[in-house]
Amino acid sequence: MAVLRNLLGYLRRSKNKSEDFLLSAEGTPRYVAIIMDGNGRWASHRHLPVIAGHREGAKTLKRTIKSSRRAGVLELTVYAFSTENWQRPAAEVNDLMKMFAELIDREVPELHEQNVRVRFIGRRAELSEALLEKIEWAEQLTDKNEAMTLFVAFNYGGRAEIEDAMKAAAGNGVAGGEIDVQKYLYAPEMHDPELLIRTSGEQRVSNFLLWQCAYCELVFLDKLWPEFSEEDLLSAFAEYGRRQRRFGAR
Ligand code: IPE
Ligand code: IPE
Ligand code: MG
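Cut-offs used in this document
Residues numbered from 1 in each chain as written. Chains lettered and ligands numbered in written order. Predicted model: local features only at pLDDT ≥ 70, side-chain atom pairs only at ≥ 80, totals over all residues. Heavy atoms only, no water. Axes fitted to C-alpha atoms, helices over the stretch in contact; angles between N-to-C directions. Helix = DSSP H or I, 4+ residues; strand = E, 2+ residues; numbered from the N terminus. Parallel < 35°, antiparallel > 145°, perpendicular 65-115°, else oblique. Left-handed = near helix turned anticlockwise from the far one by under 90°. Contact = heavy atoms within 4.5 Å. Nonpolar A, V, L, I, M, F, W, Y, C, P; charged D, E, K, R; others polar. Buried < 20%, exposed > 50% of the residue type's maximum accessible area, 1.4 Å probe, protein only. Near = heavy atom within 4 Å. Polar contact = N/O pair within 3.5 Å; in protein donor to acceptor, adjacent residues only side chain to side chain. Areas by Shrake-Rupley, 256 points an atom, 1.4 Å probe, with all protein chains shown as cover. Salt bridge = Lys/Arg side-chain N within 4 Å of Asp/Glu carboxyl O. Pairing = 2+ DSSP bridges.

1. Focus: the packing of helix H4 (residues 90-113) against helix H5 (residues 129-142)
- Remark: H4 packs on H5, axes separated minimally by 10 Å, with the N-to-C direction vectors making an angle of 15 degrees. Relative to H5, the element H4 is oriented roughly parallel. For the crossing formed where H4 meets H5, the hand is left-handed. Contacts between H4 and H5 involve Met97, Ala101, Ile104, Asp105, Val108, Pro109 and His112 from the former and Leu131, Lys134, Ile135, Trp137, Ala138, Leu141 and Thr142 from the latter.
- Grouping the constituent residues of the contact of H4 with H5 by class yields 10 nonpolar, two polar and two charged.

Structure (structure tokens):
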């Protein structure tokens, strides 16, 4: 089954305009989520300002998107900014917002070239008009792409998502007992991640994908996000391949 699935995925993607694809290895997860943590510590170990760590982290993300796509991942969901991250010093938040806007301008055309679809999940109402426009532009530009979907979790919180889903359902007049929660999530089409990777040594979920990660496999790495390599990604995939998933059954 897995072989057939991988082969189908490979054939589907290889007909797209693209460079070489690695034939995905048996057991490679199709749906992957990453908590990209450790930028601040990376910068502070080097006596650099925290934004230098975030900039280095952005380079790691760019490499990781390419590697994931080449390995046959169909959906990659990355935690870029949480609903709790507003509590950081205003200077860091401002620098981050500026960096995200620049990244969208610079990287989205390249992602489009790579046939990657980009979607944002999170609370949009709290974002600046300018950033919101960029987000909508990126989503529209890449909407028909099919090599891989990159979900960027931005101003995202798992609890906020569940609350927003409940509110949207109530607003639609859906009775409590009949709510199909998935239908009201920020990206209803997103599959549950099979694997969640967190860098930096912290072993917690920090309000990420609380609904979707009910049964995902967890891999925690001691490396800081800016140091995360393709080799680390592939070894997390190999670790996933060794896990036995039971979903509560025998
Ligand atoms: C993750 O790195 C990036 C964001 C939260 C935006 P951190 O900035 O949390 O890095 P550490 O955990 O302080 O090292
Ligand atoms: C989670 O990391 C958020 C992102 C990576 C965007 P944090 O650094 O904010 O989480 P805590 O504070 O260590 O739990
Ligand atoms: Mg952190």
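2. A short note on unusual backbone geometry
- Even without being glycine, histidine 47 reaches a positive phi, approximately 55 degrees.
- Structurally, histidine 47 is set in the loop between helix H2 (39-45) and helix H3 (50-71).
- Here histidine 47 falls in the exposed class, since its relative accessible area comes to 75%.
- In this structure, asparagine 115 takes a positive phi of about 65 degrees despite not being glycine.
- Relative to the assigned elements, asparagine 115 resides in the loop between H4 and strand E3 (116-121).

3. As for the site of ligand 2
- Taken together, Ile35, Met36, Asp37, Tyr79, Ala80, Phe81, Asn85, Arg88, Arg198, Arg204 and Ser206 are the residues near ligand 2.
- Arginine 88 places a polar side-chain atom, nitrogen or oxygen, 3.3 Å from an oxygen atom of ligand 2.
- Arginine 204 has a polar side-chain atom sitting 2.8 Å from an oxygen atom of ligand 2.
- Notes on ligand 2: free accessible area 390 Å², of which the protein chains cover 77%.
- Considering each element in turn, the shell around ligand 2 owes the most residues, three residues, to strand E2 (residues 75-82).
- Its residues assigned to classes, the shell around ligand 2 shows five nonpolar, two polar and four charged.

4. Section: the pattern of salt bridges
- With the rule as written, the count across this model stands at 27 salt bridges.
- Residues lysine 134 and aspartate 105 are paired through a salt bridge, measuring 3.0 Å at the closest nitrogen-oxygen approach. Here lysine 134 is found in helix H5, whereas its partner aspartate 105 is found in helix H4, with 29 residues between them in sequence.
- Assessed through its relative accessible area of 24%, lysine 134 is described here as partly exposed.
- Exposure remark for aspartate 105: the relative accessible area of 41% places this residue in the partly exposed category.
- When salt bridges with common partners are traced through the structure, they connect Arg117, Arg119, Arg124, Glu139, Asp143, Lys144 and Glu189 into a single cluster.

5. So, the site of ligand 1
- Residues in close proximity to ligand 1 include Met36, Asp37, Gly38, Asn39, Gly40, Arg41, His54, Ala80, Asn85 and Arg88, which together make up its full environment.
- The protein chains hide 82% of the 380 Å² of surface that ligand 1 would expose on its own.
- Along the lines of polarity and charge, the residues of the shell around ligand 1 split into two nonpolar, five polar and three charged.

6. Some thoughts on the pairing of E2
- The element E2 is largely enclosed, with a buried count of seven among its eight residues.
- Bridge count between strand E1 (residues 31-35) and E2: five bridges; the pairing is parallel. Residue pairing across strands places isoleucine 34 opposite valine 78, the latter belonging to E2.
- For E2 and strand E4 (residues 148-156), the ladder comprises seven bridges, and the chain directions are parallel. The residue of E4 that forms the bridge with tyrosine 79 is alanine 153.

7. Examining the pairing of E1
- For E1, a buried count of five out of five residues is recorded, marking the element as mostly surrounded by other parts of the structure.
- On E1, burial covers both faces: Tyr31, Ala33 and Ile35 on one face and Val32 and Ile34 on the other are all buried.
- Inspection of the sheet shows E1 paired to strand E5 (residues 195-198) by four bridges, in the parallel sense. Bridge pairing in E5 places isoleucine 35 opposite arginine 198.

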